[in-house]
Amino acid sequence: MVLTFWYDFSSSYSYLAAQTIEPMAEAAGVSLAWRPFLLGPIFKDAGYGGSPNLVSPAKADYMWSDIARRAAHLGLPFVRPHPFPQNSVKAGRAALAVEPALRPALTRALFDQVFRDGADISDVGVIGSAAKEAGLEQEAVIEGATSQDAKDALFATVDEARSLGIFGAPTFVCGDGALFWGSERIKDALAWETTGALPKRG
């Protein structure tokens, strides 16, 4: 059983998911496939000029309040990054360039740079700091962030996301193709992957 976890490093709710999903998946007996991609082209396809969470001041204020509440509830640090949304292209390339077994640690470290430390992950120095935090070789990760192979891989993930009908992040895709969107849908996605149904009530 494999659940595919689609995320963008500019996504605040993806941060919450990345920091909490592994123990939940392990407890459910489900393997995870970590798939960084870019929301920007997806939003452009939908006619948005940027993040739909920023379409009005009221919605933006709600998002920041909601993220802060949820992070505190989960015991996670949270700062509001500037700028937001960040340019996550290099971070996405870096994560795709490492071996899949190393991707979760690098992913968490990259998210921490943004939403714990408020750093700008468009800076390769910040990506290098995340690599060090994840116990990876900094120069190799930085090279991956700028390699042509990683560029091509990131474009391919966006095309795959489109083909799956993904419209936001985080999104969890089950083996049967069922989609679950949002960090609060992790339990639902895991239950669906293991039983083909939503969790029992109560």
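Structural data are supplied above this passage.
On a predicted model such as this, the values are computed, not experimentally measured, just so you know.

About the thresholds
- Residues numbered from 1 in each chain as written.
- Predicted model: local features only at pLDDT ≥ 70, side-chain atom pairs only at ≥ 80, totals over all residues.
- Heavy atoms only, no water.
- Core = buried A, V, L, I, M, F, W, Y, C linked by side-chain atoms within 4.5 Å.
- Buried < 20%, exposed > 50% of the residue type's maximum accessible area, 1.4 Å probe, protein only.
- Helix = DSSP H or I, 4+ residues; strand = E, 2+ residues; numbered from the N terminus.
- Contact = heavy atoms within 4.5 Å.
- Expected span 1.5 Å × (residues − 1).
- Bend = angle between axes of the 7 residues up to and from the residue.
- 1 Å grid on protein atoms, 1.4 Å probe; cavity = no way out; pocket = protein on both sides within 12 Å on 5 of 7 lines; lining within 4 Å.
- Points joined across faces, edges and corners; volume = space filled by probe spheres on them.
- Nonpolar A, V, L, I, M, F, W, Y, C, P; charged D, E, K, R; others polar.
- Salt bridge = Lys/Arg side-chain N within 4 Å of Asp/Glu carboxyl O.

**Student:** Describe the nonpolar core, naming the residues involved and giving the relevant values.
**Tutor:** With 46 residues, the main nonpolar core has Phe-5, Phe-9, Leu-106, Leu-110, Val-141 and Phe-172 as its most contacted residues. Contributions of two or more residues to this core are made by β1 (2–7), α1 (12–28), α3 (57–74), α4 (89–97), α5 (103–115), α6 (124–133), α7 (138–146) and α9 (186–195). By residue number, the principal contributor to this core is α1, which donates seven residues. Filtering out sequence-adjacent residues up to four positions away, Phe-5 remains in contact with Ser-14, Ala-17, Ala-18, Ile-21, Ala-33, Trp-34, Arg-35, Pro-170, Thr-171 and Phe-172.

**Student:** Requested: an account of the environment of Ala-131, with residues and values cited.
**Tutor:** With respect to the helices and strands, the residue Ala-131 is situated in helix α6. Once the C-alpha coordinates of Ala-131 and Ala-109 are considered, the two residues, 22 residues apart in sequence, prove to be 7.2 Å apart. Beyond its immediate stretch of four places on either side in the chain, Ala-131 contacts Leu-106, Leu-136, Glu-137, Gln-138 and Val-141.

**Student:** Lay out α1 in plain terms, naming residues and giving numbers.
**Tutor:** Its 17 residues place the ends of α1 25 Å apart at the C-alpha level, agreeing with the 24 Å of an ideal helix rising 1.5 Å per residue. Ile-21 marks the point of greatest bend in α1, at about 45°, and the proline Pro-23 comes within the next four residues. Listed in full, the buried residues belonging to α1 are Ser-12, Tyr-13, Ser-14, Tyr-15, Leu-16, Ala-17, Ala-18, Gln-19, Thr-20, Ile-21 and Ala-25. Those residues of α1 that are buried lie in contact with β1, β2 (31–36), α3, α5, β3 (171–173) and α9.

**Student:** Break down the layout of surface pockets for me, citing the residues and quoting the values.
**Tutor:** Space inside the largest pocket adds up to approximately 740 Å³. What lines the largest pocket is a set of 33 residues, among which Leu-39, Phe-43, Ser-51, Pro-52 and Asn-53 lie closest to the centre. Elements that contribute at least two residues to the lining of the largest pocket include exactly α1, α2 (39–45) and α3. The space that makes up the second largest pocket amounts to roughly 240 Å³. Lining the second largest pocket, in full, are Leu-16, Ala-17, Thr-20, Met-24, Arg-70, His-73, Leu-74, Ser-183, Glu-184, Ile-186 and Lys-187. Contributions of two or more residues to the lining of the second largest pocket are made by α1, α3 and α9. Looking at the lining of the second largest pocket residue by residue, the classes come out as five nonpolar, three polar and three charged.

**Student:** Please provide a residue-by-residue account of the pattern of salt bridges, values included.
**Tutor:** Counted by the stated rule, this structure contains ten salt bridges. In this structure, Asp-45 and Arg-162 form a salt bridge, with 2.5 Å as the shortest nitrogen-oxygen distance. Here the residue Asp-45 occupies a position in helix α2, and Arg-162 occupies one in helix α8 (residues 148–164), the gap between them amounting to 117 residues. Its salt-bridge partner being Arg-116, residue Asp-112 comes within 3.5 Å of it at the nearest N-O pair. A residue is classified by how much of its surface remains accessible, and Asp-112, at 13% relative accessible area, is buried. Residues joined by salt bridges that share partners form a network here, namely Asp-112, Arg-116, Asp-117 and Glu-133.

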